[in-house]
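Structure assessment
Here are the chains, one letter per residue:
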Amino acid sequence: MELHNRSVRQDVRELGALLGDVVSDHSPPEGFELVESARNEAIAYRRDHTDDREGLANVVESNSESVNAVLARSFALYFQLINLAEERERVRALRSFRQKGTLSHSITEAIEDLEEGGADAETVEQVLEDVHVVPTFTAHPTEARRKTVKGILQRVGQILEDLDERRLTSEEKTGLETRLEAVIESLYTTKHIRGRRPEPFDEARNVQWYLDNVVFEVIPEIYDELEDALGEAFDDPPDPSNILEFRSWAGSDADGNPNVTPDVTDRTLHRQRSLALDRYRTTLDDLLGVLSQDETRVDGSITLKSVLSGEKTTESIADWAADRYQQEPFRQAVTVIKERVDRVESVRPGGYEDGDALLEDLSALGSALEAEGLGSIVSEFVTPLERQVQTFGFHLASLDLRDHRQQHTKALSVALDAEDIDYADMSEADRQEFLTEAITNDAPVLDLEAREDFDEETAVVLERFDRLADWHEEFGPESIDTYCISMTEEPSHVLEVLFLADQAGVVDLPGYSGLDIVPLLETESALSNARRIIGTLFENEAYGDSLDARGEIQEIMLGYSDSNKENGYLAANWQLDRAQRRLAEITDDFGVDLKLFHGRGGTISRGGGPMIDALLALPQQTVTGEVKFTQQGEAIAEKYGNARIARREMGQMLNAQIRARHANLSEPNPNLPNPWIDAMEEMATTARETYRSLLETDGFVSYFEQTTPITTIEGLNLGSRPASRSDERNVEDLRAIPWVFAWTQSRAIIPGWYGIGSAIDAYLEKTDDGLERLKAMYESWPFFQTMLDNAALSLARTEMEIASEYAELADTDLKERIFPDIKGEYERSVTNVLDIIPREDLVDRTWLRETLDRRNPYVDPLNYLQIELLSRSHRTPQEERTLRLTVKGVAAGMKNTG
């Protein structure tokens, strides 16, 4: 049976043709002609039909404002449509592999590998008890598309799916094709540039959409596949539970974003609870239509007693259900359950206290149905709901609070000064002593409600902790039980948060702590001093009590973005790998369980790349089963915008974590060969020196501003958070996302490779057998292989010819001093990487080569138009809008912002 009616080539060809028709209909003739000329010139060069890009450059120069706008809009929209075509092709491949039973890196494959490798059911049960994968959605401003545009594109995607998967009559097919043309026409004539920055609550709603509309539906499928695989492999299979959890920063991450107020967090919590409860109501309504069995055929009155007349069920609920569905015990039970779900957000008594209480009643319902031989109804209707409640509770996704450590220190300095305590001038040791004594003492030090005389920043921090206690009371501690401290450098930065939580009543030591406190280590000094920072905390009386109250689990976040921006690609990767090993040793020394939180971004330079490779490349001794990582911006849309792709992503994550955890249990502390460690140390040192030398070149910031569209990016209204941490104009103060975004636009993606060529060169010069050693490291060390593969991809996506055109925008002196270094390092990196990896092409996947070849000719015109517009010292409002469109178009073409 043929699963599909179309191919990616057909989709690309027809979408391109439809867009061409729309451009022709809605633009002046010279606009359409310009689009065609630019496309043909770009293709001619890419196919070696011309020797240079002069023809393309000539096409985009000296056009009217309106004609240039047509070019920018047309190519930008082309990529939006091509992205959908390639998404559809990925779905085709996934469906075909599943049909054939040949899907690699799946949950099924992971269980089969364990069973074939000799693991028994008891071992697999231990692995599954340990595995807990926690994707954490963030609102970092890397989504370049408007919500309206995404909505239209979803319509296009649905039509493509219908054309591809449905058996259609000629009339139905014609109708869909006509609708597709209309939707593309709507897309072309819709405004694509945001008129205002999204607000934090807009970002929270965006994240919630993916959780509610996609992830919620996929979770039962994930558990079904796991249970089926376990059933095939073992006679008495273990029962998996709680292997996936979803968290969010959207609406609660205040680091550098004053717009994220306690009111925003409160609205986010309310809406997430409402979304989860609405989902349960819908499913329970569906269940009511199925459980119509009457008591003459079934007898569920005894087994359903806990549901129908439990101590938390009010008599009015039970009586109403009995009257509404007389002699239908299962419908009575579902009615009681649904009414109690309704009352969670009501002042009326009888509502469930939390998700666990709902799970108890669902379990009782399932047992009663099983007892009557209705197991198929349980597996099809009740169990999926149980899995959803187990995963999403009443909160949909737990929120992490986050703020910069300076905010806590400043707030405490101001608030304590009002109590005649000079915290600001205390030494680090004195701060630790003061905070410890205050936490362990029952008497409060601060009244968090008395904040009217403080400055706004201080008042917001105090209010956040004050309301945290209220949120725990209303929504349950699990709804918002983690606090992340960015730029942690000292033990006092962690103790400050513990102190504020104690003053709020969220912590009451030694017996109770409702908060996991997570230091974010992201600078070279913090990562290098991890033992001092973390070890001091573990030895601290107050913090030790808090750890004990939280089950002796310490979550530590590692920042990939700022580490890369500070140290360069290779040095940052090695520094982070070493830090993880060091943290595993520290926590092991103190008998504490480590939970690493990987602050990965969407791009390779910020820790991106295939998640399965990233998880398998983690140091084995750090794989405790618990793993948490950020999912950001366009990566959320790419991974969770389509249910089938979302299932695939989650399956790969679990495959990697199951395999890695089993490997860790089998060999907890594998030793790396010392020569490999020495090689990485030497290369990392050289790579960092090379990278820092570039950044510290006199005039580098000016060069960056002149040769990239960074100032345009800062005005794009991508997110609610400012692009820079302050008004200072330096690399250190610029956020990592716009830093990477700007280099990606100019096709000189130095955050993904700069320094690696010089590092390998220097190592090979010192070591006679260096190349063979590096090849062996690539062959046998997942960390080194993944690092080089990701660098190779960044190099493949870099276009130095186009980057040289951007370099022409710089002052002559800056261009002559800086660009040759960038070009030379690129050439060294390409040569040296290809000498180590066992292939002739930087790209090792056929489909990836095809997509790059398909996209590059269409990105080129946008780059050249962008260069032309950037070269103008004065731009009209229309030209500014067109420039912004080129940024969005290149982002869509590269499938990356920051």
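Note that this is a predicted model, so its numbers are computed, not measured. (Residues numbered from 1 in each chain as written. Predicted model: local features only at pLDDT ≥ 70, side-chain atom pairs only at ≥ 80, totals over all residues. Heavy atoms only, no water.)

Considering the packing of helix α13 (residues 329–342) against helix α14 (residues 355–371)
Two elements in contact, α13 and α14, have axes whose closest approach is 11 Å; the angle formed by their N-to-C orientations is 170°. Relative to α14, α13 is oriented roughly antiparallel. Where α13 approaches α14, its residues Phe-330, Ala-333, Val-334, Ile-337, Arg-340 and Val-341 are matched on the opposing element by Leu-358, Asp-361, Leu-362, Leu-365, Ala-368 and Leu-369. Partitioned by chemical class, the residues of the contact of α13 with α14 number 10 nonpolar, no polar and 2 charged. (Axes fitted to C-alpha atoms, helices over the stretch in contact; angles between N-to-C directions. Helix = DSSP H or I, 4+ residues; strand = E, 2+ residues; numbered from the N terminus. Parallel < 35°, antiparallel > 145°, perpendicular 65-115°, else oblique. Contact = heavy atoms within 4.5 Å. Nonpolar A, V, L, I, M, F, W, Y, C, P; charged D, E, K, R; others polar.)

Considerations on the sheet that holds strand β2 (residues 247–248)
Overall, parallel pairing links the 8 strands, which are arranged β1-β2-β3-β4-β7-β8-β9-β10 in a closed barrel. With 7 bridges joining them, strand β1 (residues 132–138) and strand β10 (residues 626–632) adopt parallel strand pairing. Looking across to β10, one finds that Thr-138 is bridged to Gln-632. Each of β3 (398–404) and β4 (482–486) is contacted by helix α18 (residues 456–475), which is oriented at about 155° to β3, the strand it contacts most. (Pairing = 2+ DSSP bridges.)

Some thoughts on unusual backbone geometry
Omega for the peptide link from Leu-509 to Pro-510 comes to 10°, which places this bond in the cis form. Examined against the element boundaries, Pro-510 turns out to sit in the loop between β5 (507–508) and β6 (512–513). With a phi angle near 60°, Asn-242 is a residue other than glycine that sits in the positive phi range. With respect to the helices and strands, the residue Asn-242 is situated in the loop between α9 (200–233) and β2.

Considering the environment of Ala-443
Along the polypeptide, Ala-443 turns up in the loop between α17 (428–440) and α18. Taking the relative accessible area as the measure of exposure, Ala-443 reaches 42% and is therefore partly exposed. The spacing of Ala-443 and Gln-503 is 60 residues in sequence and 9.2 Å in space, taken between C-alpha atoms. (Buried < 20%, exposed > 50% of the residue type's maximum accessible area, 1.4 Å probe, protein only.)

Description of a negative patch on the surface
Taken together, Asp-417, Glu-419, Asp-420, Asp-422, Asp-425, Asp-447, Glu-449, Glu-452, Asp-453, Asp-470 and Glu-473 make up a surface patch of like negative charges. Mapping Asp-453 onto the fold places it in the loop between α17 and α18. (Patch = residues over 30% accessible without salt bridge, like charges linked within 9 Å, V, L, I, M, F, W, Y side chains within 5 Å. Areas by Shrake-Rupley, 256 points an atom, 1.4 Å probe, with all protein chains shown as cover. Salt bridge = Lys/Arg side-chain N within 4 Å of Asp/Glu carboxyl O. Lys, Arg positive; Asp, Glu negative; His and termini not counted. Charge placed at Lys NZ, Arg CZ, Asp CG, Glu CD.)

Side note on the nonpolar core
Ranked by size, the top nonpolar core spans 120 residues in total, and within it Met-680, Met-683, Trp-753, Phe-784 and Ile-822 carry the most contacts. Leaving out residues up to four positions away in the same chain, Ile-822 has contacts with Leu-694, Tyr-703, Trp-743, Ile-750, Trp-753, Tyr-754 and Met-800. (Core = buried A, V, L, I, M, F, W, Y, C linked by side-chain atoms within 4.5 Å.)

Some details on helix α15 (residues 375–392)
With 18 residues, α15 extends 24 Å between its outermost C-alpha atoms, agreeing within 8% with the 26 Å of an ideal straight helix rising 1.5 Å per residue. Buried within α15 are the following residues: Ile-377, Val-378, Val-382, Thr-383, Pro-384, Leu-385, Arg-387, Gln-388, Val-389, Thr-391 and Phe-392. (Expected span 1.5 Å × (residues − 1).)

Re the packing of aromatic side chains
Under the defined criterion, the tally for this structure stands at 27 aromatic pairs. Aromatic side chains Phe-246 and Phe-392 sit 6.2 Å apart centroid to centroid with 15° between the ring planes, which places their arrangement in the stacked category. Here Phe-246 is found in the loop between α9 and β2, whereas its partner Phe-392 is found in helix α15, with 146 residues between them in sequence. Comparing Phe-246 with Phe-392 shows no difference in burial state: the two are buried. Considering the side-chain rings of Phe-465 and Tyr-483, the 5.1 Å spacing of their centres and the 15° angle between planes classify their relative orientation as stacked. (Phe/Tyr/Trp six-rings, centres within 6.5 Å; stacked < 30°, edge-to-face > 60°.)

What to know about the packing of α9 against helix α27 (residues 643–666)
Each pair of packed helices gets described by two things: the angle between the helix axes and the distance between those axes. Closest axis-to-axis distance for the α9/α27 pair is 9 Å, and the angle between their directions is 50°. When the interaxial angle is binned, α9 and α27 end up oblique. Along this stretch, α9 crosses α27, giving a crossing that reads as right-handed. Contacts from Val-214, Val-215, Val-218, Ile-219, Glu-221, Ile-222 and Glu-225 in α9 reach Ala-643, Ala-646, Arg-647, Met-650, Gly-651 and Leu-654 in α27. Of the residues belonging to the contact of α9 with α27, the class tally is 9 nonpolar, 1 polar and 3 charged. (Left-handed = near helix turned anticlockwise from the far one by under 90°.)

Focus on helix α32 (residues 756–766)
The α-helix advances 3.6 residues per turn, and as a result positions three or four apart in sequence lie on the same side. Listed as buried for α32 are Ile-756, Gly-757, Ser-758, Ala-759, Ile-760, Ala-762 and Tyr-763. Next to the buried residues of α32 lie α24 (569–589), α28 (674–695), α33 (770–780), α34 (782–797) and α36 (812–836).

Considerations on the pattern of salt bridges
Counted under the stated rule, the structure contains 72 salt bridges. Measuring nitrogen to oxygen at the nearest pair gives 3.1 Å for the salt bridge that ties Glu-165 to Arg-88. Residue Glu-165 is found in helix α7 (residues 147–165), and its partner Arg-88 is found in helix α4 (residues 65–100); the two are separated by 77 residues along the sequence. Given a relative accessible area of 4%, Arg-88 falls into the buried group. With a shortest N-O distance of 3.1 Å, Glu-463 and Arg-467 are connected by a salt bridge. Of this pair, Glu-463 and Arg-467 both sit in helix α18, 4 residues apart, which is roughly one turn of the helix. Judged on exposure class, the residue Glu-463 and its partner Arg-467 are both buried.

Remarks on the pairing of β3
β3 sits mainly inside the fold: 7 of its 7 residues count as buried. In β3, alternate side chains face the same way, and those of Ser-398, Asp-400, Arg-402 and His-404 on one face and Leu-399, Leu-401 and Asp-403 on the other are all buried. Strand direction decides the pairing type here: β2 and β3, joined by 2 bridges, are parallel. Opposite Arg-247, over in β3, you have Ser-398 as the bridge partner. Pairing of β3 with β4, which is carried by 5 bridges, proceeds in the parallel orientation. Looking across to β4, one finds that Asp-400 is bridged to Thr-482.

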